[in-house]
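Chain and residue survey
Here are the chains, one letter per residue:
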Amino acid sequence: MITQRIETLTTGVSLLETDLNRYGLRMGRPIRTRRQATLASLAAELGVSRTTVSNAYNRPDQLSPELRRRVLETARRLGYPGPDPVARSLRTRKAGAVGLLLTENLSYAFRDPAAVGVLEGLALACEDAGVGLHLVPASPGREDLAAVHRAGVDGFIVYSVPDDDPHLAAVLERPVPTVIIDQPRVEGVDRVGPDDADAVSRLAEHLVALGHRQVGILCMRLARERNDDFVTAERQSSAHFHVQRTRLEALATAFSAAGVDWAGVPVVERFDHTVDDGASAARQLLDAYPQVTALVCTSDILALGALAEAQRRGLRVPLDLTVTGFDGIAEAERSGLTTVHQPVLEKGKVAGRLLLSSADRVEPKVITLPTELRVGRTSAPPRTVEEPWFGG
């Protein structure tokens, strides 16, 4: 067998090797390339110390502009890629990244408007600090704790998970700082979120003042197990998502004070959080309780679905049906939805800053963000018996 070698003129290292088989066809063999430059070889080429080369990348203020330019130009010429980030993290014990634990499918972070706002705020905080952001998605129903264990991060932001989530337990086992956004409440752990009870109480008082007593509730998931149906009193009181539990409790208190028997108020839960799920929840509730004059939704996404279902039925909003939400997303504002506005972008930004400053504190910190009741075009006094109710 004949071996043909083409040698380089500059390095003396073979760039191509091929063999001819018995049919005269070339058979490819592994290509040998020039050995990659290292920090040590680059320092030797320049006649400087390895610390000087390292400073050109990590502490440029320690070098003159001319010396740093010479180091970087020589590195490019020799093919030196820069300091090994893995070795650097082992040496400094810093990963240079914040982990965001999101117990949803990864696409949720880029699809749900409230989650997008939180993610943007967190990204801004990371940009200001010069650190990266590492998403650690944990899809519902799949306990992939290895994703938490192997995440190379300096701390975790935990975004709205149930109190019995195993991924949360895995995060808290890591010896790194943690900040929780919204839920759950964990003793000794930093948290950022609104006062849900106060916000929902103001919304309920608005509806009570309008005269609504026949109300129905559409809520987000209450636990890790799927339930797309009416919610029992026991499930409400034992909900592992405490934000939803708190909002339901605040509604119960406010309407009970107005003489409404909460045991008779229908509550429909949806496991997934989409406009279509809000529409199907509204359909289920209105089919069973057509006398309802107001639908109180624990998120704007569910409320937008309820508005779509009302339109499908030919109901006039707010003359035939009042609909309210929670979050204050842009689409809700465009729709004129009566809702509670919370600063989702600021929430992510504050959480990020809180995490990145945790080394300067000893005591845990809880930051409560302000909310605002924004009365829009979707709430009005309930229809009277004299006014016919169109649709059905």
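See above for the structure.
Summarised in this report is the structure supplied together with it. Keep in mind that what you see is a predicted model, and the values were worked out from it rather than measured. Residue numbers run consecutively from 1 along every chain, following the written order of its sequence. Local features are withheld for residues below a pLDDT of 70 in this predicted model, meaning they are given only at 70 or higher, and side-chain atom pairs are given and counted only at 80 or more; totals for whole chains, interfaces and linings count all residues. Here the side-chain values reflect all heavy atoms present in the structure, with hydrogen atoms and water set aside.

Another aspect to go through is the overall build of the chain. Broken down by element type, the chain carries 15 helices and 15 strands. Exposure classes here rest on a 1.4 Å probe applied to the protein chains alone. A residue is buried below 20% of its type maximum, exposed above 50%, and partly exposed in between. Of all 392 residues assigned to the chain, the portion counted as buried reaches 46%. Between two residues, a contact is recorded if the distance between any of their heavy atoms is within 4.5 Å. The contacts of the chain with a sequence gap of at least 6 include a subset with a gap of at least 24, amounting to 68%. Per-residue and other accessible areas follow the Shrake-Rupley method at a 1.4 Å probe size, with only the shown protein chains counted as cover for residues. Of the roughly 19800 Å² that the chain leaves accessible, carbon and sulfur atoms contribute 52%. Note on conventions: DSSP H or I runs of at least 4 residues are helices, E runs of at least 2 residues are strands, and numbering of each starts at the N terminus.

Once that is clear, we can look at the pattern of salt bridges. Salt bridges are identified by distance alone: a Lys or Arg side-chain nitrogen within 4 Å of an Asp or Glu carboxyl oxygen. Applying the stated criterion to the full structure yields 20 salt bridges. We note a salt bridge from Asp-182 to Lys-347, for which the minimum N-O separation is 2.8 Å. Within this pair, whereas Asp-182 is found in the loop between strand S7 (178-181) and strand S8 (190-194), its partner Lys-347 is found in helix H15 (residues 344-356), the two being separated by 165 residues in sequence. Under the relative-accessibility criterion, Asp-182 is labelled buried at 10%. For Lys-347, a relative accessible area of 1% gives the class buried. One salt bridge in this structure joins Arg-316 and Asp-320, with 2.8 Å as the shortest N-O distance. For Asp-320, a relative accessible area of 2% gives the class buried.

Okay, the environment of Val-340 next. With respect to the helices and strands, Val-340 occurs in strand S13 (residues 338-341). Accessibility expressed as a relative area gives 0% for Val-340, which makes it buried. Between the C-alpha atoms of Val-340 and Glu-372, which are 32 residues apart in sequence, the distance is 5.6 Å. In this structure Val-340 touches Ala-199, Leu-203, Gly-325, Phe-326, Asp-327, Gly-328, Thr-371, Glu-372 and Leu-373, once residues within four positions along its chain are discounted.

This paragraph deals with the sheet that holds strand S9 (residues 215-219). A pair of strands is treated as paired once DSSP finds two or more bridges between them. As summarised here, the arrangement of the 6 strands in space is S10-S9-S11-S12-S13-S15, forming an open sheet in which the pairing is mixed. Each end of this open sheet is capped by a strand with a single partner; those strands are strand S10 (267-269) and strand S15 (372-374). Neighbour-to-neighbour, the strand axes of this sheet turn through a mean angle of 15°, independent of strand direction. One ladder, built from 3 bridges, connects S9 with S10; its direction is parallel. Each axis is a line fitted through C-alpha atoms, and for a helix only the stretch in contact is used; angles between axes span 0 to 180 degrees, taken between their N-to-C directions.

What follows is about the packing of aromatic side chains. For Phe, Tyr and Trp, where Trp contributes only its six-membered ring, two rings pair if their centres lie within 6.5 Å, and the inter-plane angle classes them as stacked under 30 degrees, edge-to-face over 60, or tilted in between. Summed over the entire model, instances satisfying the criterion amount to 1 aromatic pair. Between the aromatic rings of Phe-230 and Tyr-289, the centroid separation amounts to 5.9 Å while the plane-to-plane angle is 65°, which identifies the pairing as edge-to-face. On the criterion of sequence distance, the pair formed by Phe-230 in the loop between S9 and helix H10 (233-237) and Tyr-289 in the loop between helix H12 (275-288) and strand S11 (294-297) is long-range, its members being 59 residues apart. Criterion for a charge above a ring: Arg CZ or Lys NZ at most 6 Å from the ring centre, at most 35 degrees from the ring normal. Directly above the aromatic system of Phe-271 lies the positively charged group of Arg-221, at a separation of 4.1 Å from the ring centroid.

It is worth spelling out helix H1 (residues 39-46) at this point. Buried residues of H1: Leu-42, Ala-43 and Leu-46, and no others. One side of H1 holds all its buried residues, which, seen down the axis, span an arc of 100°. Residues of H1 that are buried in the fold lie against helix H2 (50-58) and helix H3 (65-78). Trailing H1 by a residue or two, Gly-47 shows a phi angle of about 70°, which is positive. Directions from the helix axis toward the C-beta atoms define the arc.

Turning next to the environment of Lys-365. Tracing the chain through its elements places Lys-365 in the loop between H15 and strand S14 (366-369). Lys-365 sits in the partly exposed class, given a relative accessible area of 41%. Taking the C-alpha atoms as reference points, Lys-365 and Val-192, 173 residues apart in sequence, are found 8.5 Å from one another. Among residues more than four places away in sequence, those in contact with Lys-365 are Asp-190, Arg-191 and Leu-354.

Attention now moves to the sheet that holds strand S5 (residues 132-137). Taken in spatial order, the 6 strands of this open sheet run S5-S4-S6-S7-S8-S14, and their pairing is parallel. Both edges of this open sheet fall to S5 and S14, since each of them pairs with a single strand only. Neighbour to neighbour, the strand axes of the sheet diverge by 20° on average, direction disregarded. Two strands pair when backbone bridges link them, and strand S4 (residues 97-102) and strand S6 (residues 156-159) are joined in this way by 4 bridges, in the parallel orientation. The residue of S6 that forms the bridge with Leu-100 is Ile-157. With respect to the sheet, helix H6 (residues 113-129) is in contact with S4, S5, S6 and S7, its orientation differing from that of S5 by roughly 145°.

Right, let's talk about H12 for a bit. The span you would expect from a helix comes to 1.5 Å times its residue count less one. For H12, which comprises 14 residues, the first-to-last C-alpha distance of 20 Å matches the rise-based estimate of 20 Å (1.5 Å per residue) to within 8%. Those residues of H12 that are buried lie in contact with S9, S10, S11 and helix H13 (300-313).

A few words on the pairing of S7. Residues of S7 alternate between two faces, with Thr-178 and Ile-180 on one and Val-179 and Ile-181 on the opposite face, all of them buried. In the sheet, S6 pairs with S7 via 4 bridges, with the strands oriented parallel. Within the sheet, the bridge partner assigned to Val-158 lies in S7 and is Ile-180. Handedness of a crossover is defined as follows: with both strands directed away from the viewer, a clockwise route from the first strand across the helix to the second makes it right-handed. Running through helix H8 (residues 166-173), the crossover from S6 to the neighbouring parallel element S7 is right-handed. For S7 and S8, the ladder comprises 3 bridges, and the chain directions are parallel.

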